[in-house]
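For reference, the chains in residue letters:
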Amino acid sequence: MIACIGEAEGDAITIDVHELEDARWFSRDDVRRALARDPDAPFGAPPPYAIAHTLLTAWFEG
């Protein structure tokens, strides 16, 4: 597994339905709530040892 950081050129999302079921944008507040394990967060953050957690934290703190 590798971690990559990119920058979106717009807010339109096109997904390959053979790879993903869903894709959504989240606000910084949404990510803050997920990282804080808020039960009302719009998604559950991955555990702290996951590379995805590191990416979310880096984006949130950036």
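Given the structure is predicted, the values throughout are model-derived calculations rather than measurements.

## Things to note about the pattern of salt bridges
Applying the stated criterion to the full structure yields five salt bridges. For Arg24, the salt bridge goes to Asp22, with nearest N and O atoms at 3.0 Å. With relative accessibility at 48%, the residue Arg24 sits in the partly exposed group. Ionic pairing is found between Arg33 and Asp30, a salt bridge with its closest N-O pair at 3.5 Å. On the criterion of helical spacing, the pair formed by Arg33 and Asp30 is a turn pair, its members being three residues apart in helix α1 (residues 28-35). Just as Arg33 is buried, Asp30 falls in that class too. Put simply, Asp29, Asp30, Arg32, Arg33 and Asp38 are held in one network by salt bridges that share partners.

Conventions used here
- Residues numbered from 1 in each chain as written.
- Predicted model: local features only at pLDDT ≥ 70, side-chain atom pairs only at ≥ 80, totals over all residues.
- Heavy atoms only, no water.
- Salt bridge = Lys/Arg side-chain N within 4 Å of Asp/Glu carboxyl O.
- Buried < 20%, exposed > 50% of the residue type's maximum accessible area, 1.4 Å probe, protein only.
- Helix = DSSP H or I, 4+ residues; strand = E, 2+ residues; numbered from the N terminus.

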